[in-house]
Amino acid sequence: MISVEYDYANARIRAMKSRLLDRKELEELAGKLDLESVINQLEETPYREDIESASVKYTGIACVEYALRQSLSNTFRLILSFVKGEDTQTLMEIFLNRWDIQNIKTILRGKNIHEPANEILESLAPAGALDDATLVALTKQLDVKAVIDLLATWGIEYSRPLTQHFKEYSERKDLVVLEYALDKFYYEHALSVAAGESYDEGIIRGMLTREIDVTNIKSVLRIIRDKVELEDAQYYFIRGGKELDVNKLSALSATRTIDGVIKQLTGTSYDFLASVPDEYVKMEKISAFEKELDTFLLHKALGLFTGDPLSIALAIGYLWAKLNEIANIRIIALCKTEYVPEKELMEELVFV
Amino acid sequence: MEQVHPTRMELIKKNGQIKLAEQGRDLLRQKMDALIQEFFHIMISVSKSREELDIAAIAAQRSLCVAEAVDDLTALKSASFATKRALTLDIRGKNIMGVPVPLVERKTVTKSVLERGYSMIGTSGRIDETAERYETELDLIIGLAETETSLRRLGDEIQMNRRRVNALEQVLIPELKRQAKYIKIAIGEREREDLYRLKKVKKIIEQNAKKKKQTAASVAAA
């Protein structure tokens, strides 16, 4: 890609970033009395068009959900249209592929319990590189094997780990085998695509390795909480983390306490976990740690805004910021429907 | 009143029936007292479990709302597909004062993250916490199903017993007593009639004897 194209893309992305809702606007939304007021307020933001088109089909929380999905889907499409060049698009698609993985997992889970195709279709994320026609065709397959076969017939790369592990799945009758195979394939594949020396690849690789660390720490915490056998623990870790390799993760699991994990993480980038209140440590409330880890990852992603303007950094940073904004709006809207107290609602929001 | 034979045998029979009915009533009352005691004993645990269930349900609902909000509805629905749906329970029976009540196997539904059927990657601890809260709620529902069914069956039995006691006390025993009274009155009446008849016969015999005497005297005089 030539720098002129980046100039245009970055100018557009910076303009889009300036339109993201700031803390004050989100707090104003959270302060609204009910969902109707939240929707009215959203109509005065860049979500106006999405809300208007959603309100034709839906009302209430369904309207907000639909509008947010539309907004996310449009944003991805727009960002991809800015980014020209095969290599850069491949790198951008790594970010989108996580939704493909989630969607394939959902289809496999649905087929495993013989859920109707329309039910599965409703549970798919409106993002990812796989188009709607592919997803519809996959949901219409008879069973797990037929889904994998169709993926293989169409030459979709996710069929490889699934075909490799299908025998094990058939023997154990445990879908988790296929899910882990897919997850591991995603990260291995993504790291191999971003293995080069270019600045863009470095950015993608940096985010991926951080994400692997964060995902692995979350797994360690859940393994400890549910007292999973140490011999089994290694199976659930993804290789390729920035600071934590499988041996280190096994050592973390071996501490058998969350307190122990926090102590072992001293000196790493993840020692901020020590700031999680003691009551959550005692209660083994993993979601509190996950929120800290996700916020850390978000900080890292938003830090990309200060990176080289003539690179993919801004696009990646913007996508993370947009995802966070959508998550915050969804939290506000859903909490308003359930009349969750404002204090509790504010605790769930992530401001960076 | 039902057709009764006002005989002494019938009276003895009725008195026997009254005694049996009163014994039955007393036994049913004793059974009812025992059932009521058991009923209240179970009711205390039911109301306690109900309160626990209400709290657990509110916590689970709140947790689900937050998980839906933070993790996205699609991720949550996807995770729900992965969880196994069948739940097999072993239900046996036991007797409380002759009332058959179910005995549900106390099987804990709470699962570990590995048993829920979804991988840890792509799902969050928040989803685990929500699942765990609903599993706790399900545990309480299973426990409550046993005690509430027992309570309902005991309640039905108490009601049926009360109806039986009332039927004995207010219909059968008074009816038997009325019949016995009627027989007694009828027998007394008959005895009085017999006495009067005997007196009358005696009087007639005496009059006849007197007439015969007078006739004999007049014949002799003539």
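For the structure, check the block above.
All values reported here derive from a predicted model rather than from experimental measurement.

### Description of the overall build of chain A
On a plain count of helices and strands, chain A comes out with 19 helices and zero strands. Relative to the compact-globule value of 20 Å for 352 residues, chain A shows a C-alpha radius of gyration of 21 Å, a close match. Once the C-alpha set of chain A is aligned to its principal axes, its extents read approximately 55 × 50 × 45 Å. Residue pairs in contact within chain A that sit at least 24 positions apart in sequence constitute 65% of those at least 6 positions apart. Working note: accessible area of chain A is about 15,900 Å², and carbon and sulfur atoms make up 50% of it. Across chain A, the 42 positively charged side chains and the 58 negatively charged ones have centroids separated by 1 Å.

### Some details on a negative patch on the surface
On the surface, a cluster of negative charge is made up of Asp22(A), Glu25(A), Glu28(A) and Glu44(A). The residue Glu28(A) is located in helix 2 (residues 23-30) in this model.

### Structural notes on the packing of helix 9 (residues 144-153) of chain A against helix 10 (residues 159-172) of chain A
Residues and elements named next belong to chain A. Where helix 9 contacts helix 10, the axes come no closer than 9 Å and their chain directions differ by 150°. Here helix 10 runs roughly antiparallel to helix 9, going by the angle between their axes. Considering only the axes of helix 9 and helix 10, their crossing is left-handed. Counting all contacts with helix 9, which are made through Val 144, Lys 145, Ile 148, Leu 151 and Ala 152, the residues of helix 10 involved are Ser 159, Leu 162, Thr 163, Phe 166 and Tyr 169. In terms of residue class, the contact of helix 9 with helix 10 is built from seven nonpolar, two polar and one charged.

### Re the environment of Phe39(B)
Within the secondary structure, Phe39(B) is located in helix 1 (residues 8-71). Sequence-distant contacts of Phe39(B), that is, excluding residues within four places in its chain, are made with Leu151(B), Leu154(B), Gly155(B) and Ile158(B).

### Some details on the interface of chain A and chain B
Across the boundary between the two partners, chain A contributes 45 residues, which contact 34 residues of chain B. Here chain A packs against chain B, burying approximately 3,400 Å² in sum over the two surfaces, 53% of which is carbon and sulfur. Where chain A meets chain B, there are five salt bridges. Between Glu132(B) and Arg225(A) there is a salt bridge whose closest N-O contact spans 3.0 Å. Remark: the boundary between chain A and chain B carries 19 residue pairs in polar contact (both at pLDDT 80 or more).

How each quantity is defined
Residues numbered from 1 in each chain as written. Chains lettered and ligands numbered in written order. Predicted model: local features only at pLDDT ≥ 70, side-chain atom pairs only at ≥ 80, totals over all residues. Heavy atoms only, no water. Helix = DSSP H or I, 4+ residues; strand = E, 2+ residues; numbered from the N terminus. Rg over C-alpha atoms; globule rule 2.2 N^0.38 Å. Contact = heavy atoms within 4.5 Å. Areas by Shrake-Rupley, 256 points an atom, 1.4 Å probe, with all protein chains shown as cover. Lys, Arg positive; Asp, Glu negative; His and termini not counted. Charge placed at Lys NZ, Arg CZ, Asp CG, Glu CD. Patch = residues over 30% accessible without salt bridge, like charges linked within 9 Å, V, L, I, M, F, W, Y side chains within 5 Å. Salt bridge = Lys/Arg side-chain N within 4 Å of Asp/Glu carboxyl O. Axes fitted to C-alpha atoms, helices over the stretch in contact; angles between N-to-C directions. Parallel < 35°, antiparallel > 145°, perpendicular 65-115°, else oblique. Left-handed = near helix turned anticlockwise from the far one by under 90°. Nonpolar A, V, L, I, M, F, W, Y, C, P; charged D, E, K, R; others polar. Buried area = accessible area lost by both parts, 1.4 Å probe. Polar contact = N/O pair within 3.5 Å; in protein donor to acceptor, adjacent residues only side chain to side chain.

Any link to function would need more than the numbers given here.
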